Amino acid sequence: MQTASSDTVRKSATAEDGKPDNGEPAIDIQNVTKSFGPQKVLDGITFQVRRGETLAFLGRSGTGKSVLLRIIVGLQTPDTGAAIILGKNMAEASADEISAVRKQMGFLFQHAALYDSLTVVENVAFPLAHHRPDMSDAEKKELVEGLMEEVGLENYLNKMPSDISGGMQKRVGLARALALDPVILLLDEPTAGLDPISSGEIDELILKLQDQHKLASIVVTHDMISAKTIATRIAIMNQGKVLIEGSYDDLQHSDEKFVSQFLHRDL
Amino acid sequence: MAGTPEYPVRPSVFTGMLEWFGEFGSFLWGVFRAALHPPFEGREFIRQLDEIGARSLPLVALAGSAIGVVLSLEARQSLVRFGAKALLPSAIVFAVVTEMSPIITGLVVSGRVGAGIGAELAAMKVTEQIDAIEVSAVDPYKLLAVTRIAACIVCLPLLTVAASFCGVIMGWVATTLVEPVSLTHFIDAGFKGARFQDILPPTFKTSVYGLIIGSVASFQGMRAKGGAAGVGGSATTSVVLSSLFVILADVILVKLIILLFP
């Protein structure tokens, strides 16, 4: 793996909100491999993400980017290596420990994955309803309405997910991901399928939320413009490996042919 | 071994069945463990009681009524032929309460609820909603499977009582249209000699049907793969398997009731 120097990487955030930040990486991926049958989709992936950093993963379809997110969140286990999230090895942690880690994570799915039997506001309130018995209904309502305002959907509270556009669904998914005030935010193709204007709005929203919440974020995307806008580092994956990791400028100066192909669509 | 031909190992229907039962057993164990650990999903359970119980009531009542009418028409001819027309109320009541209502309720609910649960959970699975629940640190077994299975277990006996009631009443209506008889007399004659084991065990055996329908449909839904085809496949297999297992369970439970309550 070629690791380029990056002077544009933001410094790790301090724990102003009282959330754990002892200088250790929030996400520490160590030599992770994962195969499905004979196909090796992840081949020795290693990286770290601290609070305040955003790492964007780009690569061709089917190169294991989404699998990587699923390993981080504990939906899949690596064949070898370790995904250490907030100090816990997700493959070896107990169910209660995984649950505790997940409460500090927000995950935006590629297609938002909103619960279609619940309204928009109920979707955002879902994590609070299950994990914040200490909050009164009025406090939950105020928090959810605040989140909906933050994502610009305060007028769509009682709509069903099927009644709003794909971009709006992504925003609701983002609000739901932030409901428990997470330390880590994982975004799977946040701008996929959206028009350029909606993509730009989602990017601006993510940047705003990252600044406000000082999150350790990983973004999986095919959208180079989006990656350039929201990420502090960009990693390009090919054949299960991280080919290069660095700032957008570092990538532009890379000698790797695949990186050049990816950035400029050179064939 | 030299000279011994090597045959490729192919998954047969038998190994596929073993695999299914293995996964199903593992699923039931997960559901059982989730069911014992608080907090419980009370609101979702109540929502499922409405979805599975209240919304199945019209269909079950209609099926029960049809049984009552058909039994009255069929039994009358046979009993008249043997000079036992006076036994008509008993024949209707016993047939409806002990066997027809429980099995018809089981099969009707298998069709309506089994398909509904299978399709709903399969759609949630293929659109990553179940993953989203898990990522939110909520146990999908507890939220989705336990609530549906528990609601099925509670609702089936209640629906069976409703089907039996409609069956007996419509049996009387069909009987009295041919030869007027008072409802009081019909009920008295029908339940004459009825014992505890004639009514309660057959009614409560449907809780087992509920367990079967809820668990098979939840399992088929939560293991769905693919898109629309996967959802359709899960709905179909949920209905087919739960109906099949309900019929098989009926055979075993009838024998068990006869043994336990001679």
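All of these numbers come straight from a predicted model, not from anything done at the bench.

A. Broad picture of the nonpolar core. In terms of nonpolar packing, the biggest core is built from 140 residues, with Ile72(A), Val124(A), Ile184(A), Leu186(A), Ile218(A) and Ile236(A) touching the most fellow members. Ignoring anything within four residues of it in the chain, the contact list for Ile184(A) reads Ala26(A), Ile27(A), Ile85(A), Gln104(A), Met105(A), Leu215(A) and Ala216(A).

B. Layout of the packing of helix α3 (residues 120-131) of chain A against helix α5 (residues 166-178) of chain A. Residue and element names in this part refer to chain A. Taken N-terminus to C-terminus, the directions of α3 and α5 make an angle of 25 degrees; their axes are 7 Å apart at the nearest point. Classified by the angle between their axes, α3 and α5 sit roughly parallel to one another. The handedness of the crossing between α3 and α5 comes out as right-handed. Between α3 and α5, the contacting residues are Val120, Asn123, Val124, Phe126 and Pro127 on the first element and Val172, Ala175 and Arg176 on the second.

C. Summary view of unusual backbone geometry. Look at the link from Pro38(B) to Pro39(B): it is a cis peptide, with omega at 5 degrees. Relative to the assigned elements, Pro39(B) resides in the loop between α1 (13-36) and α2 (42-53). A positive phi angle, near 55 degrees, is found at Asp181(A), a position not held by glycine. Residue position: Asp181(A) is located in the loop between α5 and β8 (184-188). With 14 C-beta atoms counted inside 10 Å, the residue Asp181(A) sits in the partly exposed group. Here Ala137(B), not a glycine, exhibits a phi torsion of approximately 65 degrees, which is positive. As for its placement among the helices and strands, Ala137(B) is situated in the loop between α5 (129-135) and α6 (140-178).

D. Spotlight on the sheet that holds strand β3 (residues 39-49) of chain A. Residues and elements named next belong to chain A. With antiparallel pairing, the 4 strands of this open sheet are ordered in space as β3-β2-β5-β6. Among the strands making up the open sheet, the edge pair consists of β3 and β6 (88-89). Examined bridge by bridge, strand β2 (residues 27-36) and strand β5 (residues 80-85) share 5 bridges and lie antiparallel to one another. When the bridges of β5 are listed, Asp28 appears paired with Ile84.

E. Geometry of the pairing of β8(A). All names here are of chain A. With 5 of its 5 residues buried, β8 lies for the most part within the structure. Neither face of β8 is exposed, since Ile184, Leu186 and Asp188 on one face and Leu185 and Leu187 on the opposite face are all buried. Sheet topology places strand β7 (residues 105-108) next to β8; 4 bridges connect them, and they run parallel. Paired with Gly106 across the strands is Leu185, a residue of β8.

F. The arrangement of α3(A) in detail. Along α3(A), the residues classified as buried are Val120(A), Val121(A), Asn123(A), Val124(A), Ala125(A), Phe126(A), Pro127(A) and Leu128(A). Tucked into the core, α3(A) has its buried residues touching α4 (137-150) and α5 of chain A.

G. Region of the structure containing the pairing of β2(A). Residue and element names in this part refer to chain A. Sheet analysis places β2 next to β3, joined by 8 bridges and oriented antiparallel. Counted as the bridge partner of Ser35 is Lys40 from β3. In sequence, β2 turns back onto β3 through a hairpin of 2 residues, with Gly37 there showing a positive phi of about 65 degrees.

Reading the values: the criteria
Residues numbered from 1 in each chain as written. Chains lettered and ligands numbered in written order. Predicted model: local features only at pLDDT ≥ 70, side-chain atom pairs only at ≥ 80, totals over all residues. Core = buried A, V, L, I, M, F, W, Y, C linked by C-beta atoms within 7 Å. Buried ≥ 20, exposed ≤ 12 C-beta atoms within 10 Å, placed from the backbone. Contact = placed C-beta atoms within 7 Å. Axes fitted to C-alpha atoms, helices over the stretch in contact; angles between N-to-C directions. Helix = DSSP H or I, 4+ residues; strand = E, 2+ residues; numbered from the N terminus. Parallel < 35°, antiparallel > 145°, perpendicular 65-115°, else oblique. Left-handed = near helix turned anticlockwise from the far one by under 90°. Pairing = 2+ DSSP bridges.

By themselves, these observations are geometric and do not establish any function.
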